[in-house]
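Given next are the chains, with one letter for each unit.
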Amino acid sequence: MAQVMPDLRRVLDGDTIPDGLTDGDLLELYRRMVLLRTYDERSVVYHRQGRIGTYAIYWNHEAIQAGATFALRDEDWIFPSYRESAIGLVRGMPVETILQWWRGHPSGWWNPADWNVASICVPIGTHVPHATGLAWGKKLRREEAVAMAFFGDGATSEGAFHEGVNFAAVMDAPVVFVCNNNGWAISTPVSAQTRAETLADKAVGYGMPGVRVDGLDVLAVWEAAREAVDRARSGGGPTFIEAVHYRAAPHATADDPRAYIDATRVEEERARECVGRYDAFLRRASVLTDEFAEATRAEAEAALRAGIAAAEAEQPADESLLFDHAYVDPPGNMRDG
Ligand SMILES: Cc1ncc(C[n+]2csc(CCOP(=O)(O)OP(=O)(O)O)c2C)c(N)n1
Ligand SMILES: [Mg+2]
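Worth saying up front: this structure is predicted, and the values here are computed from it rather than measured. (Residues numbered from 1 in each chain as written. Chains lettered and ligands numbered in written order. Predicted model: local features only at pLDDT ≥ 70, side-chain atom pairs only at ≥ 80, totals over all residues. Heavy atoms only, no water.)

Describing the overall build of the protein
Piece 1. Counting its regular elements, the protein contains 12 helices and 8 strands.
Piece 2. The C-alpha atoms of the protein give a radius of gyration of 20 Å, which matches the 20 Å a tight globule of 337 residues would have.
Piece 3. Along the longest, intermediate and shortest principal axes, the C-alpha atoms of the protein span 65 × 50 × 45 Å.
Piece 4. A fraction of 78% describes how many contacts in the protein between residues 6 or more apart in sequence connect residues 24 or more apart.
Piece 5. In the structure as shown, the protein presents an accessible area of about 15200 Å², 50% of it carried by carbon and sulfur atoms.
Piece 6. Separation between the mean location of the 33 positive side-chain charges and that of the 50 negative ones in the protein comes to 1 Å. (Helix = DSSP H or I, 4+ residues; strand = E, 2+ residues; numbered from the N terminus. Rg over C-alpha atoms; globule rule 2.2 N^0.38 Å. Contact = heavy atoms within 4.5 Å. Areas by Shrake-Rupley, 256 points an atom, 1.4 Å probe, with all protein chains shown as cover. Lys, Arg positive; Asp, Glu negative; His and termini not counted. Charge placed at Lys NZ, Arg CZ, Asp CG, Glu CD.)

Below you can see the structure in the form of structure tokens.
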């Protein structure tokens, strides 16, 4: 039945490696975090160089994205919001595909069935019922797949969130809801969104387990996700995971958070940023070497260089595509422009 763990789960502060992870797994998780981090940092540069459009920064959200998806199998589905735009990288999606999405090029829209990764969702929370519907459909077909939906704290104020989560509980759909609580919906703090003490408290109202984890602790996120995925796969229904941290970068390249953010909190979050924290844990455990760390970073940087080159080498999109399927007879101002 519903139960909420109010304290944040943590693993990285100790020295114990959770059961079920080999050294190879730990390093693969590290590789994915570094690839995601590199994608994000290069994207901010590409934006400043005018090579991609407005970009939603996910710096320091990598532990949530890499940790939660590491609990999935390939047949499981991922439903990302714009904050998880590059999450397909963990499934081997080409870098240039995602860069093209941010460049507004049609080749940035992949077939979700090729990767079991749904389209990047920009409307807040509307993909939550999509994830529930897919998971329920899989259950009806007696297929084993689980759906995992990522959304922010702000999404929990949306009607679509309520509909999707409630329906999942009632239908015992195999879904994992990963709420990335970074403290902000652009400039609106969580305290202005809800009187609930925690976002995981909402799970009680839907009748599902709610778990709170440190969002900068990749192994805590993985552990919570693995339990939730196992429960979903074995017919136990959905789980709500609240991954808690504090947004340490602007909402997007178009945002200047200095008007509203707590600069001291940002400094604290940056000091415990998630890739460095995992790096330090792996070195304490004698799993990570300088050579592996360097080769991983170099490989990620090369992938990004090749990705932007491949994206820019593509033919520009035909502008008339914008109007296809929109008007039989385009209005005069569009015809002339
Ligand atoms: C339905 C809808 N309403 C409003 C917006 C404008 N908007 C873009 S991002 C955002 C904040 C969302 O915050 P949160 O859910 O916490 O996600 P985060 O950006 O922090 O990852 C809003 C309101 C939108 N994209 N979709
Ligand atoms: Mg948020």
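Some thoughts on the packing of aromatic side chains
Piece 1. The full count for this structure, using the stated rule, is 15 aromatic pairs.
Piece 2. Summarising the aromatic geometry, the rings of F161 and Y206 are spaced 6.0 Å apart at their centres and angled 85 degrees between planes, so their arrangement reads as edge-to-face. Separated by 45 residues along the polypeptide, F161 in helix α6 (residues 159-170) and Y206 in helix α7 (residues 202-206) bring together distant segments of the chain.
Piece 3. Judged by its relative accessible area of 1%, F161 falls in the buried class.
Piece 4. Through pairs of rings, three or more aromatic residues link up here, namely Y39, Y55, W101, W102 and W109.
Piece 5. The lysine or arginine in question, R270, covers the ring of W59, its NZ or CZ lying 4.3 Å from the ring centre. (Phe/Tyr/Trp six-rings, centres within 6.5 Å; stacked < 30°, edge-to-face > 60°. Buried < 20%, exposed > 50% of the residue type's maximum accessible area, 1.4 Å probe, protein only. Lys NZ or Arg CZ within 6 Å of the ring centre and 35° of its normal.)

Brief notes about the site of ligand 1
Piece 1. Taken together, the neighbourhood of ligand 1 is formed by 15 residues, with Y82, R83, G154, N182 and W184 sitting nearest.
Piece 2. One of the side-chain nitrogen or oxygen atoms of H251 is found 3.5 Å away from an oxygen atom of ligand 1.
Piece 3. Its residues placed into classes, the shell around ligand 1 shows 8 nonpolar, 4 polar and 3 charged. (Near = heavy atom within 4 Å. Polar contact = N/O pair within 3.5 Å; in protein donor to acceptor, adjacent residues only side chain to side chain. Nonpolar A, V, L, I, M, F, W, Y, C, P; charged D, E, K, R; others polar.)

Describing the side chain of E223
Piece 1. Looking at the element boundaries, E223 is found in helix α8 (residues 218-233).
Piece 2. On the basis of relative accessible area, E223 is assigned to the buried category, the value being 19%.
Piece 3. Sequence-distant contacts of E223, defined by excluding residues within four places in its chain, comprise R9, V11 and P18.

Comments concerning the pattern of salt bridges
Piece 1. Summed over all chains, the structure comprises 26 salt bridges.
Piece 2. Residue D214 pairs with R10 through a salt bridge whose shortest N-O separation is 3.0 Å. A residue pair is termed long-range when its members are at least 10 positions apart, and D214 in strand β7 (residues 210-214) and R10 in the loop between β1 (4-9) and α1 (23-48) qualify at 204 residues.
Piece 3. Put simply, E273 and R37 hold a salt bridge, and the shortest N to O gap is 3.0 Å. Placement of the pair is E273 in the loop between α9 (263-271) and α10 (274-284) and R37 in helix α1, with a sequence separation of 236 residues. (Salt bridge = Lys/Arg side-chain N within 4 Å of Asp/Glu carboxyl O.)

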